[in-house]
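Structural overview
One letter stands for each residue in the lines below.
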Amino acid sequence: MMLNATRLSSLVGVVIGALIAHGAQANSGDTLAAVKARGEVLCGVHPARHGFASPDSQGKWSGFEVDFCHAVAAAIFGDATKVRFVALSSQQRFPAIQSGEVDVLARNVTATLGRDTALGLNFAPPIFYTGTGFLVRKDDGIAKVEDLNGAAICMAPGSTTERNVAQIFAARSMTYTPVVIENNKQLVDAYVTGRCDALTKDKAALPGVRAFDTEDPSAHVLLPGIYSKEPLAMAVRQGDDQWYDLIKWVTYATFDAEEMDVSQANVDEKKSSKDPDVQTLLGVIGDNGAKLGVDNAWAYNIIKQVGNYKDIYMRHFGPESPIALDRDKNTLWIQGGLLYGLPMQ
């Protein structure tokens with residue numbers, strides 16, 4: 001009987017394992033198939049963050065993260081316009097991706113261990129490195145974060161910034177009054193009208209607030225220093241490896257293209273390159289697209305229609321843009337930055 005019981009237990013284990021494997025296989029590719037059937041990508045974005053995502057008066061979206069949504073559409077459909085943008089507050093963003101309301105989040109989401117595990121998310125490689133910063137009025141004489149002891153601080157709920165501020169002040173034995181407002185416009189208005197002494201967000205977002213939301217930008221200053229690590233990344237639901245792979249490699253393609261000097265301006269010329277890495281990137285040789293479930297010209301379509309990473313960054317944060325931001329750590333690894341595209345072999 002022991003032998004039979006052991007065999008029965010082994011058989012049950014095999015059957016359960018097979019069922020789990022079958023379920024995983026059945027789920028793999030469900031998102032991509034649904035997106036193709038729908039004919040558009042549902043991309044969760046910030047309701048209004050200068051430089052990252054904002055609609056114009058006709059409802060047309062633009063911004064750094066918006067362009068990464070376009071890149072996903074270009075990879076899937078060969079048409080970067082096949083995206084529907086879903087504006088999500090900080091409180092709405094995680095339920096929206098978990099419930100399937102959106103296919104991917106490109107909404108100033110900081111990749112953290114807790115979000116990766118407890119929220120059931122998978123993060124693509126970070127597309128923007130920033131950290132917590134503070135905007136204050138020049139006339140208040142606040143020159144450093146220590147001068148904020150006892151201040152009222154405006155912040156969004158459910159964000160890593162909210163937790164970071166608590167840690168920053170606790171580490172310095174300082175006190176503050178949190179002014180927590182969900183709606184981004186109301187949050188900025190609270191700072192502009194003097195309801196709080198400082199506005200805190202990812203530091204990269206504050207120059208846009210100063211430039212576009214204040215009457216006199218020169219009357220407001222960013223405090224020196226960055227007080228946390230905020231790697232912003234696209235996020236998807238766990239459980240669909242094919243979709244996760246596609247989002248990852250869309251990101252890497254923009255990094256690799258910049259490193260190979262393949263840009264929106266020269267991508268057609270580069271198709272005749274003799275460099276096998278460039279040929280692989282552009283789908284001239286190999287079948288990387290088939291491995292991802294899309295056309296082999298997927299990366300070519302991204303670069304042609306949206307650009308490489310530098311194209312995207314300069315469009316929204318370059319010296320000719322309304323918000324000029326130094327690239328800092330958002331440069332390639334060969335330039336001392338943190339952007340490192342994996343090889344497409």
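Described below are features of the structure shown in this document.

What counts and how
- Residues numbered from 1 in each chain as written.
- Predicted model: local features only at pLDDT ≥ 70, side-chain atom pairs only at ≥ 80, totals over all residues.
- Heavy atoms only, no water.
- Helix = DSSP H or I, 4+ residues; strand = E, 2+ residues; numbered from the N terminus.
- Contact = heavy atoms within 4.5 Å.
- Lys, Arg positive; Asp, Glu negative; His and termini not counted.
- Charge placed at Lys NZ, Arg CZ, Asp CG, Glu CD.
- Salt bridge = Lys/Arg side-chain N within 4 Å of Asp/Glu carboxyl O.
- Buried < 20%, exposed > 50% of the residue type's maximum accessible area, 1.4 Å probe, protein only.
- Disulfide = S-S within 2.5 Å.
- Polar contact = N/O pair within 3.5 Å; in protein donor to acceptor, adjacent residues only side chain to side chain.
- Patch = residues over 30% accessible without salt bridge, like charges linked within 9 Å, V, L, I, M, F, W, Y side chains within 5 Å.
- Areas by Shrake-Rupley, 256 points an atom, 1.4 Å probe, with all protein chains shown as cover.
- Core = buried A, V, L, I, M, F, W, Y, C linked by side-chain atoms within 4.5 Å.
- Axes fitted to C-alpha atoms, helices over the stretch in contact; angles between N-to-C directions.
- Parallel < 35°, antiparallel > 145°, perpendicular 65-115°, else oblique.
- Pairing = 2+ DSSP bridges.

Section: the overall build of the protein chain
Counting secondary structure elements, the protein chain contains 14 helices and 14 strands. For the protein chain, the spread of C-alpha atoms along the principal axes amounts to about 75 × 65 × 40 Å. Long-range pairs, those at least 24 residues apart, make up 70% of the contacts in the protein chain between residues at least 6 apart in sequence. Across the protein chain, the 32 positively charged side chains and the 39 negatively charged ones have centroids separated by 2 Å.

Remarks on the pattern of salt bridges
Considering all chains together, one arrives at 12 salt bridges under this definition. In this structure, Arg84 and Glu40 form a salt bridge, with 2.3 Å as the shortest nitrogen-oxygen distance. Of this pair, Arg84 sits in strand 4 (residues 83-87) while Glu40 sits in the loop between helix 2 (30-38) and strand 1 (41-45), placing them 44 residues apart in sequence. For Arg84, a relative accessible area of 42% gives the class partly exposed.

Some remarks on the state of the cysteines
Enumeration according to the criterion identifies 2 disulfides in this entry. Paired by a disulfide, Cys43 and Cys69 hold their sulfur atoms 2.0 Å apart. Taking the torsion about the S-S bond as the criterion, the Cys43 to Cys69 disulfide, at about -55 degrees, is left-handed. Taken together, the residues span a long stretch of sequence, with Cys43 in strand 1 and Cys69 in helix 3 (residues 64-77) at a distance of 26 residues.

Considerations on the side chain of Thr214
Relative to the helices and strands, Thr214 resides in the loop between helix 8 (206-213) and strand 12 (220-222). Residue classification places Thr214 among the buried residues on the basis of a relative accessible area of 9%. In this structure the side chain of Thr214 is engaged in a polar contact, spanning 2.6 Å, whose partner is the backbone oxygen of Arg210. Those residues in contact with Thr214 that sit more than four places away from it in its chain are Val192, Val209 and His220.

What to know about a nonpolar patch on the surface
Nonpolar side chains collect at one region of the surface, where Trp333, Ile334, Tyr340 and Leu342 lie side by side and expose about 390 Å² of accessible area between them. Relative to the assigned elements, Tyr340 resides in the segment after helix 14 (309-317). On the basis of relative accessible area, Tyr340 is assigned to the partly exposed category, the value being 44%.

Overview of the nonpolar core
Core analysis: the largest hydrophobic core is formed by 62 residues, its most contacted members being Phe64, Ile76, Phe128, Trp243, Leu281 and Trp298. Every element with two or more residues in this core is listed here: helix 2, strand 1, helix 3, strand 4, helix 9 (241-259), helix 11 (276-281), helix 13 (298-305) and helix 14.

Overview of unusual backbone geometry
The phi torsion at Asn108 lies on the positive side, around 50 degrees, for a residue other than glycine. In this structure Asn108 comes out as buried when scored by relative accessible area, which is 6%. The residue Asp261 is not glycine, and still its phi comes out positive at about 60 degrees. With respect to the helices and strands, Asp261 occurs in the loop between helix 9 and helix 10 (267-270).

Thoughts on the packing of helix 2 against helix 9
Between helix 2 and helix 9, whose axes approach to 6 Å, the crossing angle comes to 75 degrees. In terms of orientation, helix 2 lies roughly perpendicular with respect to helix 9. Between helix 2 and helix 9, the contacting residues are Thr31, Leu32 and Val35 on the first element and Gln242, Trp243 and Leu246 on the second.

Considering the environment of Ala198
Position of Ala198 relative to the elements: it lies in strand 11 (residues 198-202). Residue classification places Ala198 among the buried positions, given a relative accessible area of 0%. In sequence terms Ala198 and Ile303 are 105 residues apart; their C-alpha atoms lie 40 Å from each other. Look past the residues within four positions of Ala198 in its chain and what remains in contact with it is Leu135, Val136, Leu148, Ala152, Ile153, Cys154 and Tyr191.

Details of the sheet that holds strand 9 (residues 151-155)
The sheet built from 5 strands is open, its strands ordered 10-9-11-8-12 with mixed pairing. Both outer strands of the open sheet, strand 10 (176-180) and strand 12, are each paired with one neighbouring strand and no more. Geometrically, the sheet is characterised by an average inter-axis angle of 30 degrees between neighbouring strands, direction not taken into account. In terms of strand pairing, strand 8 (residues 132-137) meets strand 12 through 3 bridges, oriented antiparallel. By the bridge assignment, Leu135 is partnered in strand 12 with Leu222. Taken strand by strand, helix 6 (residues 160-171) contacts strand 8, strand 9, strand 10 and strand 11, and its axis lies near 80 degrees from that of strand 8.

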